[in-house]
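One letter stands for each residue in the lines below.
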Amino acid sequence: MRRCSVAGVRRPSLPPPVSVTRARAHRKYSVHVQQKKVPPAQPQAPPANDTFLATSTSSAPKPPGRPDPYALVAPQLKELRETLLNLLGSSHPSLTEIAKYYFLHPSKQLRPLLVLLFSQATNGLGSSWYLKKWAAQCEGAGGRAEELDRPLTRADVLNDWNPNMPDHTASFQTSFTLQSPRPPHQPPLPPPFPPALHVPTVESPLVLLPTQVRLAQIVEMIHVASLLHDDVIDKSPLRRGAPSAPVAFGNKLSVLAGDFLLGRTSAALSRLGENEVVELIASVIANLVEGEILQLKSMHAEELGIVGLSPKVGQENWNIYLQKTYLKTASLMAKGARAAVVLGGCKDGEVWKEVAYAYGRNLGIAFQLVDDILDYEAGDATLGKPGGADLQLGLATGPALFAWEEHPEMGPLIKRKFEQPGDVELARDLVRRSSGVERTRDLARAHADKAKEVLAVLPDSEAKEALEVLTERVVKRTS
Ligand code: FPP
Ligand code: MG
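This is a predicted model, so every value here is computed, not measured.

**Let's talk about the overall build of the protein**
Per the secondary structure count, the protein includes 19 helices and 6 strands. Buried residues in the protein amount to 49% of all 479 residues. Within the protein, contacts between residues at least 6 apart in sequence are counted, and of these 77% link residues at least 24 apart.

Laid out in structure tokens, this is it:
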């Protein structure tokens, strides 16, 4: 039987197989590829507490007041951003360069933040937590950080043909060599069920499992993949203050880089060893596409020969708008948070994953409603969006839908997708002369309050407080 070490030393993650030069927007996609030498692992002193888990506690005294959500997991967010790039090496340096492009400009990292905070707020509560904790400690059980990087398939099959991994590459000059069968992997025996009745208690100090950190990376990668595709569809000139990927690399490579990211996330997902999480996250990818299609349909219904989106103020327009908002934005937050709780050992019938889903769903809708307000208020210079960019795209969001209730002239503008000269300016003016922005913010606040309310079910912890603070931040944000 394999050795299980409770205080095993946390090994550093493997460095990336290739390193590419920083992407430069003005050139198309030529890069210098360097073979990076793998430095030998440095021995580390065993840390004081459970080292298989990333822990957010430090010896520094806790600052007074409520915790800052980002500060609570700042080291983990930083590390996951850095190690995420290791997942993106490929035999095509140009592909790697584009895939990394959006990670070079700091994002809000809201999705990984949500995964990390929910993990911390619920680890210890699920009835299978003891198993998940054991898998993160025990060699061969599949939950340790280094095991998440280890391929399940023989390496030369997985990387065949990848010239950047010569050690693992089967040459095409010879035929494929069959390997003699090896004895199947014998996983170590899990511990028996805890003798005492499971009492749900949040682990203290707050902890994260390696699988949960990897999930945080996966959700960010999916988000970035969707942005690569979205910037092609929206023809966005800028993203986060820099030329968008389609501007820097062209449409075709941007779409392919998004697909490549999804390929890498699929492999990383399977290693988490939890079918429910694979199902949840795969359904998010489908939701993102469904949301985009729903938006395209509502924008180009007539060209696409779609009937049924009547230009009447009413539930139907709101239903479509909110459904699209859930699919494009809230689904990733809701299912990402739920998946984090599943990875923490929460089983069916336990309330914790319901709380995570309800929180993420409401927070995501609030976040998008505020995004739609910001589009009217000042625009977003970093995105290259003047105020009213949504209107330019033909999109009627919350503020316009509310304004329509007060100004019937908005109806024909929405119907013709603000296409005629002066339509965008008129629509912005109608929104300004209505309570559309205010009412959209009220709706966002209602969703954020709902998100905060569901947290009441969780035991008190710093992570829970940080999640509460986040609901307020989302409504007040100005960028
Ligand atoms: C940004 O919306 C875009 C999204 C939230 C999702 C886009 C989804 C797709 C293009 C479907 C394909 C998905 C995958 C995973 C490949 P926005 O245009 O409102 O925001 P922006 O102003 O930041 O561009
Ligand atoms: Mg866009």
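**Considerations on unusual backbone geometry**
Of the consecutive residues S204 and P205, the connecting peptide bond is found in the cis state with omega at 0 degrees. Assignment of secondary structure puts P205 in the loop between α7 (155-158) and β4 (207-208). A positive phi angle is found at Q109, which is not glycine, with a value near 55 degrees. The topology assignment puts Q109 in the loop between α3 (93-101) and α4 (110-122). Of note, R240 is a non-glycine position whose phi angle comes to about 50 degrees, a positive value. Within the secondary structure, R240 is located in the loop between β5 (238-239) and β6 (242-243).

**Some words on helix α19 (residues 462-476)**
With 15 residues, α19 should reach 21 Å at 1.5 Å per residue; the first-to-last C-alpha distance of 21 Å fits that figure. All of the buried residues along α19 are A463, K464, A466, L467, V469, L470, T471, V474 and V475. Those residues of α19 that are buried are in contact with α1 (69-72), α4, α13 (352-377) and α18 (436-454). N-capping of α19 is provided by S461, with a side-chain oxygen placed 3.4 Å from the backbone N of A463.

**Let's talk about the pattern of salt bridges**
Side chains that differ in charge, positive against negative, can pair when their charged atoms come close. Counted by the stated rule, this structure contains 23 salt bridges. A salt bridge links E406 to R439, with the shortest nitrogen-to-oxygen separation between them at 3.3 Å. With a gap of 33 residues between them, E406 in helix α15 (residues 398-406) and R439 in helix α18 connect regions that are remote in the sequence. Relative accessible area serves as the criterion here: at 28%, R439 is assigned to the partly exposed category.

**A look at the confidence of the model for the protein**
Of the residues in the protein, 78% have a pLDDT of 70 or more, and the chain-wide mean is 82. Confidence drops under pLDDT 50 across residues 5-52; counting only partners more than four residues distant or on other chains, this segment forms 86 contacts. Confidence over residues 304-309 falls short of pLDDT 50; this stretch has 10 contacts with residues more than four positions distant or in other chains.

**Overview of the environment of V115**
Tracing the backbone through its elements, the reader meets V115 in helix α4. Contacts of V115, omitting those with residues within four sequence positions, involve Q212, L215, A216, V219, G336 and A340.

**Let's talk about helix α5 (residues 129-137)**
In an α-helix, one turn spans 3.6 residues, which is why side chains three or four residues apart end up on the same side. Within α5, burial applies to W129, K132, W134, A135, A136 and Q137. Those residues of α5 that are buried are in contact with β4, α8 (210-233) and α12 (315-343).

**Description of the packing of α4 against α13**
The interhelical angle for the contact between α4 and α13, taken along N-to-C directions, is 150 degrees, at an axis separation of 11 Å. It follows from the interaxial angle that α4 and α13 lie roughly antiparallel. The way α4 lies across α13 gives a crossing that is right-handed. Across the interface between the two elements, L110, R111, L114, F118 and T122 of α4 pack against W352, V355, A356, Y359, G360, L363 and F367 of α13. Residue composition of the contact of α4 with α13, grouped by class: 9 nonpolar, 2 polar and 1 charged.

**Observations concerning the nonpolar core**
Counting 86 residues, the largest nonpolar core has F118, L215, V277, I281, Y359, M410 and F418 as the members making the most contacts within it. The leading source of residues in this core is α12, at 14 residues. Judged by nonpolar contacts, the second largest core, of 22 residues, contains L84, L87, L227 and L261.

**A look at a nonpolar patch on the surface**
Together, V157, F176 and L178 make up a nonpolar patch on the protein surface, roughly 310 Å² of accessible area in all. Structurally, F176 can be placed in the loop between α7 and β4.

**Some remarks on the side chain of D372**
For D372, the position within the fold is in helix α13. One buried charge, D372, has no salt-bridge partner; the nearest side chain with opposite charge is K324, at 4.9 Å. If near-sequence neighbours (up to four positions away) are discounted, D372 is found in contact with Y321, D390, T397 and P399.

**Section: the environment of S127**
Relative to the elements of secondary structure, S127 occurs in the loop between α4 and α5. Contact partners of S127, with chain neighbours within four places excluded, come to F193, H198, G345, K347 and E350. Only 2.6 Å separates the side chain of S127 from the side chain of E350, close enough to count as a polar contact.

**Some remarks on the packing of α8 against helix α10 (residues 251-271)**
Between α8 and α10, the least distance of the axes is 8 Å, while the angle of their chain directions is 160 degrees. On the basis of their axis angle, the class for α8 and α10 is roughly antiparallel. Crossing of α8 against α10: the hand is left-handed. Contacts between α8 and α10 pair R214, I218, M221, I222, V224, A225, L228, H229 and V232 from the former with N251, S254, V255, A257, G258, D259, L261, L262, R264, T265, A268 and L269 from the latter. Grouping the constituent residues of the contact of α8 with α10 by class yields 13 nonpolar, 5 polar and 3 charged.

**Here's the deal with the packing of aromatic side chains**
Applying the stated criterion to the full structure yields 5 aromatic pairs. On the basis of an interplanar angle of 35 degrees and a centroid distance of 5.6 Å, the ring pair of Y101 and Y102 is categorised as tilted. Residue classification places Y101 among the buried residues on the basis of a relative accessible area of 2%. According to the relative accessible area criterion, Y102 is buried, its value standing at 2%. Chaining the aromatic ring pairs together yields one cluster made of Y101, Y102 and F249. Sitting over the ring of F367, R477 keeps its end group 3.9 Å from the ring centre.

The rules behind each value
- Residues numbered from 1 in each chain as written.
- Chains lettered and ligands numbered in written order.
- Predicted model: local features only at pLDDT ≥ 70, side-chain atom pairs only at ≥ 80, totals over all residues.
- Heavy atoms only, no water.
- Helix = DSSP H or I, 4+ residues; strand = E, 2+ residues; numbered from the N terminus.
- Buried < 20%, exposed > 50% of the residue type's maximum accessible area, 1.4 Å probe, protein only.
- Contact = heavy atoms within 4.5 Å.
- Expected span 1.5 Å × (residues − 1).
- Polar contact = N/O pair within 3.5 Å; in protein donor to acceptor, adjacent residues only side chain to side chain.
- Salt bridge = Lys/Arg side-chain N within 4 Å of Asp/Glu carboxyl O.
- pLDDT = per-residue confidence, 0-100.
- Axes fitted to C-alpha atoms, helices over the stretch in contact; angles between N-to-C directions.
- Parallel < 35°, antiparallel > 145°, perpendicular 65-115°, else oblique.
- Left-handed = near helix turned anticlockwise from the far one by under 90°.
- Nonpolar A, V, L, I, M, F, W, Y, C, P; charged D, E, K, R; others polar.
- Core = buried A, V, L, I, M, F, W, Y, C linked by side-chain atoms within 4.5 Å.
- Patch = residues over 30% accessible without salt bridge, like charges linked within 9 Å, V, L, I, M, F, W, Y side chains within 5 Å.
- Areas by Shrake-Rupley, 256 points an atom, 1.4 Å probe, with all protein chains shown as cover.
- Lys, Arg positive; Asp, Glu negative; His and termini not counted.
- Phe/Tyr/Trp six-rings, centres within 6.5 Å; stacked < 30°, edge-to-face > 60°.
- Lys NZ or Arg CZ within 6 Å of the ring centre and 35° of its normal.

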